[in-house]
Amino acid sequence: MRPGFRAAMTWLHDWTGILTGWVLLAIVLSGTLSVFRSEINVWMRPELAGRTADPVRATIAAIDWLHDHAPRSPAWYLTAANPRAPFTWAVWQQPDGPFVQHALDPASGAPDTIRDTLGGEFFYRFHFELQIPYPFGRLVAAVAAMALVLALVTGIVAHRRFFADFFTFRPHKGQRSWLDAHNLLGVTVLPFHLVIAFSGAVTLASLLLPWGILSAYRGAPAQFQDALSPAMAARPATGTPGTLAPMEPILHEAARRFGSDGIGQIYVYNPGDAAATLIAIGGNGRHVGFDSHVLRFDGTTGRILADYREHRPMISTFATLYGLHVARFAPPLTRWLYFVCGLLLAAVIASGLRLRTLRRRRQGKSTEAVERLNAGMIAGIPVAFAGYFLANRLLPATLPDRAGHEVQAVFTLWGLMLVLAAALPSATGWRVLSVLAMLALGGVAGFSAPWLNGIDQGAAIVAILLAAGFGYAASRRPAPGGRAR
């Protein structure tokens, strides 16, 4: 580390980005797509296009189906239908087995009429789990979020010409152009980047700093969860069989109490037991904070056990930070702003990775291996994510474990892109992978046809713009040994 505060912060900024940049790029891109998780859910289920659903009726149908097909499950977790997603998303645990998740038809409550896909849920989960088993994936994401906060703060210190950077860009100047682009993109929406990075780190803070919870609750995580969300606590199963009360009066009462917020989620614990508990959570369409209004019902009698609103300052602060991060409150224009700012953050990370190799090359150091990996990640991740959408359209609708095959397509393509990048000279690899990204994104735009609704139109426009960007990048790549542009 070089002497002097600013020099030390510059060194720390560089190495933080280098060590976590590739992971952060994947996290940021998947998180950016998660802003439109509901719209992706519908795009990947074209049979739902143009449909609407009543959340109460759709939830009743889902519970009826689960009662017949998953009666021994210890819990059902339902996300109610809403205007952005006209189906019930259901997750339940098999007895002594893994979790199962399906979109359920709002009319029949069955999954048979809807193609098997994770839709936008894949990007949402990958964003903070990286397809790595719990808790290791979340721990990696937590460390990456803290690293992003550190990189942003040290970047502010490192740039003396902070405000001048906002108005400075010198094209066709090699390394100087990349530095200008990196600074300009970072300064333009810096407040958003700081909020997203900090709120992401806070959301996963219990993994980074678990000792306070372990000490206060003596290693009993269930007690901590009960203290965190008192109304969410379920009664322990008695072992005595029980029958759920009629759902319609319960859900109508929940809808009445939630008012314009509507029903967001329904959890049914121990559905076949005499101590069954039903938790109803209000929607978050009008609130930044999360899980602010919760109702708890006796599952067998329908009697309301608790009507809880969260007012504790620390919990409300956490809920607000979490709400800012996931943006479920956001109207369409705000979601688009989140999306664009997320892409800009990805561009900041990618340009920083590229800038580092240019600096080392200028110092006479070998950068070929890192440059090839940069190509495999910066251009390869978009290819893999676009492949997820293409697999959704190309795989047979009746293919067993179809959702799993879609996810496999992502990592298969990603691996192939990394192998291809490693096998080609860096300049050639950049061009080839950029062309492949352009073609894959063009395919997503084509499969959005005939562009009759806003979701298909939005997907096509975004895919075309990104494809044009990669096409331009392919045309600008220098020949081996040429001057970097």
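Predicted model, so just to flag it, every value in this text is computed and none were measured. (Residues numbered from 1 in each chain as written. Predicted model: local features only at pLDDT ≥ 70, side-chain atom pairs only at ≥ 80, totals over all residues. Heavy atoms only, no water.)

A. Broad picture of the packing of helix H1 (residues 5-34) against helix H4 (residues 121-129). Contact geometry of H1 with H4 gives a least axis separation of 8 Å together with a crossing angle of 145°. The crossing of H1 and H4 is left-handed. Two secondary-structure elements touch here, H1 through Ala26, Ile27, Ser30, Gly31, Leu33 and Ser34 and H4 through Phe123, Tyr124, Phe126 and His127. Looking at the contact of H1 with H4, its residues break down into six nonpolar, four polar and no charged. (Axes fitted to C-alpha atoms, helices over the stretch in contact; angles between N-to-C directions. Helix = DSSP H or I, 4+ residues; strand = E, 2+ residues; numbered from the N terminus. Left-handed = near helix turned anticlockwise from the far one by under 90°. Contact = heavy atoms within 4.5 Å. Nonpolar A, V, L, I, M, F, W, Y, C, P; charged D, E, K, R; others polar.)

B. Representation of the nonpolar core within the structure. Core analysis: the biggest nonpolar cluster contains 76 residues, and Phe122, Phe123, Ile381, Phe385 and Tyr388 have the highest contact counts within it. If we ignore the near neighbours within four places in the chain, the residues touching Tyr388 are Met44, Thr117, Leu118, Gly119, Phe122, Phe123, Glu406, Val407 and Val410. One finds Ala62, Leu66, Ala90 and Met247 within the second-largest nonpolar core, a separate group that totals 30 residues. (Core = buried A, V, L, I, M, F, W, Y, C linked by side-chain atoms within 4.5 Å. Buried < 20%, exposed > 50% of the residue type's maximum accessible area, 1.4 Å probe, protein only.)

C. The sheet that holds strand E2 (residues 88-93), seen in detail. Strand order in this open sheet of seven strands is E3-E2-E1-E4-E5-E6-E7, and the pairing throughout is antiparallel. At either margin of the open sheet sits one strand with a lone partner, and together these are strand E3 (99-104) and strand E7 (304-309). Sheet twist, expressed as the average angle between the axes of neighbouring strands with direction ignored, equals 15°. One ladder, built from four bridges, connects strand E1 (residues 75-79) with E2; its direction is antiparallel. Bridge pairing links Tyr77 to Val91 in E2. Strands strand E4 (263-269), strand E5 (277-282), strand E6 (293-298) and E7 of the sheet are contacted by helix H11 (residues 247-258), whose axis makes an angle of about 155° with E6. (Pairing = 2+ DSSP bridges.)

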